[in-house]
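Remarks on the overall topology
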Amino acid sequence: MRLLHVIPTYLPAVRYGGPIQTVHALCRALAGHGHDVHVYTTSVDGPHDSDVPLGQPVDLDGVKVTYFRSAVLRRLYWSPPLGRALEAGVPGFDLVHVHAIYLWPTWMAARAARRHGVPYVLSPRGMLVPELIRRKNRLIKTAWINLIERRNAECAAAVHTTSEVEARHLESFGWKLPKVVTIPHGVDDPPGTMEGSRLTLDVAGVISRSEPYVLGLGRISWEKGFNRLIEAMPRAPGVRVVIAGGDAGQAAALAEQARALGVAERTTIIARHVDGPDKEALFAHARAFAMTSLSENFGLAAFEAMRRGLPVLAVPDVGMSEIVRDADAGLVVGADPDSIGGALKRLIDDKAAARAMGERGRACVVARYGWPAVASRMEEVYRAAVGNRGPRS
């Protein structure tokens, strides 16, 4: 099949977190299965632009990625060159896969697919969560949903969610949806040995201390709920927590919260994107991994932790908490400080139990969640959509 994926930002703009990594991993696996896979995206990378050619395909792991400039209205990723490319190019594809909502490129992609009778699959990527809508730009998001996203979802050939939690959020809108397919993300194997790799001073300082720690890894934003983790620390005396990820405006507030609660000496915040040897070192020296997000349609970092044999502490708001519970690969607890604090203490104090949970998680991920297997399941969705030829109107 000739497949077009449309996403507002893409590699190398890693500041935007998990969706970029997972979409590329899916595209790479689909290309590995013999499909002709293209990506249309923008060159936006925060206030700057990625250093990439514009308007011409760039090969990334067998995926043909075309970048377009967004000169104004960059928060919406408005890009007239991308719009023209979609209008001209969509008829030449068997299927379009649209990732994310509320943003101009994905709206234009869905419109172009409908106009040309090309089936499309919509992946909301956790953005249609009622709690997140209520907490940030509620009026604007509600209007956009009613005017644009409802039709985009209802006219899709299929809607893809990555967890049953996300699927239930979507169903709560009461729309007349096409088939909703839940396919979790896959996870890559860890890189080969990185022994001898040079670490940055902040990460080297973290792992040089003798006390075990619980790791939280992800964009430091209010949605990630790292404040829940810090709030629980007074209930877990002696437990050390390390939080690492690009700062989306919350790092200073978290540091102040830790000071106010008297746990600053046990709290380390690395407010920058962490990857490569630094990331592997943080995983390798952690006792456990924590994900306490207010809403997380999946939780890729927690999956990466499982693949590396770490037990996971998760709250029910995290989509992949279902997998943690089913695999007995960690602790799924309520989001209140007492529950999180008790789980932190248990994971640190009972090293043998934590190790056993981690090994069960590793076995689960290896057996069920490699990217080739995930791509095969997505192929089935694509073939059904192409077989029915054309979205509903």
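Just above, that's the structure.
Below or above, wherever it landed, is the structure these notes cover. (Residues numbered from 1 in each chain as written. Predicted model: local features only at pLDDT ≥ 70, side-chain atom pairs only at ≥ 80, totals over all residues. Heavy atoms only, no water.)

**Observations regarding the packing of helix H2 (residues 80–89) against helix H3 (residues 104–116)**
Helix packing geometry: the angle between the two helix axes and the distance between the axes. Where H2 meets H3, the closest approach of the two axes is 9 Å, and the angle between their N-to-C directions is 20°. Considering their axes alone, H2 and H3 lie roughly parallel with respect to each other. The two elements H2 and H3 meet at a crossing, and its hand is right-handed. Contacts from Pro80, Leu82, Gly83, Leu86 and Glu87 in H2 reach Trp104, Pro105, Met108, Ala109, Ala112, Arg115 and His116 in H3. (Axes fitted to C-alpha atoms, helices over the stretch in contact; angles between N-to-C directions. Helix = DSSP H or I, 4+ residues; strand = E, 2+ residues; numbered from the N terminus. Parallel < 35°, antiparallel > 145°, perpendicular 65-115°, else oblique. Left-handed = near helix turned anticlockwise from the far one by under 90°. Contact = heavy atoms within 4.5 Å.)

**Digging into the pairing of strand E2 (residues 36–42)**
With respect to burial, E2 is a largely interior element, 6 of its 7 residues being buried. The sheet contact formed by strand E1 (residues 2–6) and E2 spans 5 bridges and is parallel. Bridged to Leu4 within E2 is His38. Sheet analysis places E2 next to strand E6 (residues 63–68), joined by 5 bridges and oriented parallel. Bridge pairing in E6 places Thr41 opposite Tyr67. (Buried < 20%, exposed > 50% of the residue type's maximum accessible area, 1.4 Å probe, protein only. Pairing = 2+ DSSP bridges.)

**Overview of empty space enclosed by the protein**
One simple way to see leftover space: roll a probe sized like a water molecule over the atoms. In this structure the tally under the stated criterion is 2 cavities of 30 Å³ or more. In this structure, the largest cavity occupies an estimated 40 Å³ of space. If you go around the largest cavity, the residues you meet are Thr22, Leu26, Arg125, His160, Ile183, Pro184, His185, Trp371, Val374 and Met378. Residue assignment for the lining of the largest cavity shows that the elements contributing at least two residues are helix H1 (18–32) and helix H15 (371–388). Of the residues in the lining of the largest cavity, the class split is 6 nonpolar, 3 polar and 1 charged. Roughly 40 Å³ of internal volume is contained in the second largest cavity. The wall of the second largest cavity is formed by Gly216, Leu217, Lys224, Phe226, Phe289, Ala290, Met291 and Ser293. Of all the secondary structure elements, the ones that give two or more residues to the lining of the second largest cavity are strand E11 (213–217) and strand E14 (288–291). With 3 residues, E14 is the largest single contributor of residues to the lining of the second largest cavity. (1 Å grid on protein atoms, 1.4 Å probe; cavity = no way out; pocket = protein on both sides within 12 Å on 5 of 7 lines; lining within 4 Å. Points joined across faces, edges and corners; volume = space filled by probe spheres on them. Nonpolar A, V, L, I, M, F, W, Y, C, P; charged D, E, K, R; others polar.)

**Some points on helix H13 (residues 337–349)**
Helical periodicity: at 3.6 residues per turn, an α-helix aligns residues three or four positions apart in one direction. If you check H13, its first and last C-alpha atoms are 18 Å apart, about what 13 residues at 1.5 Å a residue would give, namely 18 Å. Along H13, the residues classified as buried are Pro337, Ile340, Gly341, Ala343, Leu344, Leu347 and Ile348. An end-on view of H13 places all buried positions within 160° of arc, on one side of the element. For H13, the exposed residues set more than 90 degrees away from the buried face come down to Asp338 and Asp349. (Expected span 1.5 Å × (residues − 1). Arc of directions from axis to C-beta.)

**Looking at the sheet that holds E11**
Pairing within the open sheet is parallel, and its 6 strands lie in the order E13-E12-E11-E14-E15-E16. Each edge of the open sheet carries a strand with a single partner, namely strand E13 (267–270) and strand E16 (330–332). Recorded for the sheet is a direction-independent mean angle of 20° between the axes of neighbouring strands. Relative to E13, strand E12 (residues 240–244) runs parallel, the two sharing 4 bridges.

**Some words on the environment of Leu122**
Within the secondary structure layout, Leu122 lies in strand E8 (residues 120–123). In sequence terms Leu122 and Val98 are 24 residues apart; their C-alpha atoms lie 4.9 Å from each other. Excluding residues that lie within four positions of it along the chain, Leu122 makes contacts with Val98, Ala100, Ile101, Asn152, Ala153, Ala156, Ala158, Val159 and His160.

**Some remarks on the sheet that holds E8**
As summarised here, the arrangement of the 8 strands in space is E5-E6-E2-E1-E7-E8-E9-E10, forming an open sheet in which the pairing is mixed. Because the sheet does not close on itself, it has two edges, and the strands there are strand E5 (57–60) and strand E10 (179–182). In this sheet, neighbouring strand axes are inclined to one another by 25° on average, regardless of whether the strands run parallel or antiparallel. Two strands pair when backbone bridges link them, and strand E9 (residues 158–161) and E10 are joined in this way by 4 bridges, in the parallel orientation. Within E10, the residue paired with His160 across the bridge is Val181. Here H15 sits on the sheet and contacts E1, strand E7 (95–99), E8, E9 and E10; the angle it forms with E7, its principal contact strand, is near 125°.

**What to know about a nonpolar patch on the surface**
A cluster of nonpolar side chains, namely Val72, Leu73, Leu76 and Trp78, defines an oily patch on the protein surface of about 340 Å² accessible area. Along the chain, Trp78 falls in the loop between E6 and H2. (Patch = residues over 30% accessible without salt bridge, like charges linked within 9 Å, V, L, I, M, F, W, Y side chains within 5 Å. Areas by Shrake-Rupley, 256 points an atom, 1.4 Å probe, with all protein chains shown as cover. Salt bridge = Lys/Arg side-chain N within 4 Å of Asp/Glu carboxyl O.)

**Describing the packing of H13 against helix H14 (residues 351–368)**
The interhelical angle for the contact between H13 and H14, taken along N-to-C directions, is 95°, at an axis separation of 5 Å. By the angle between their axes, H13 is roughly perpendicular relative to H14. Residues Arg346, Leu347, Ile348 and Asp349 of H13 form the contact with H14, whose participating residues are Lys351, Ala354 and Met357. By residue class, the composition of the contact of H13 with H14 is 4 nonpolar, no polar and 3 charged.

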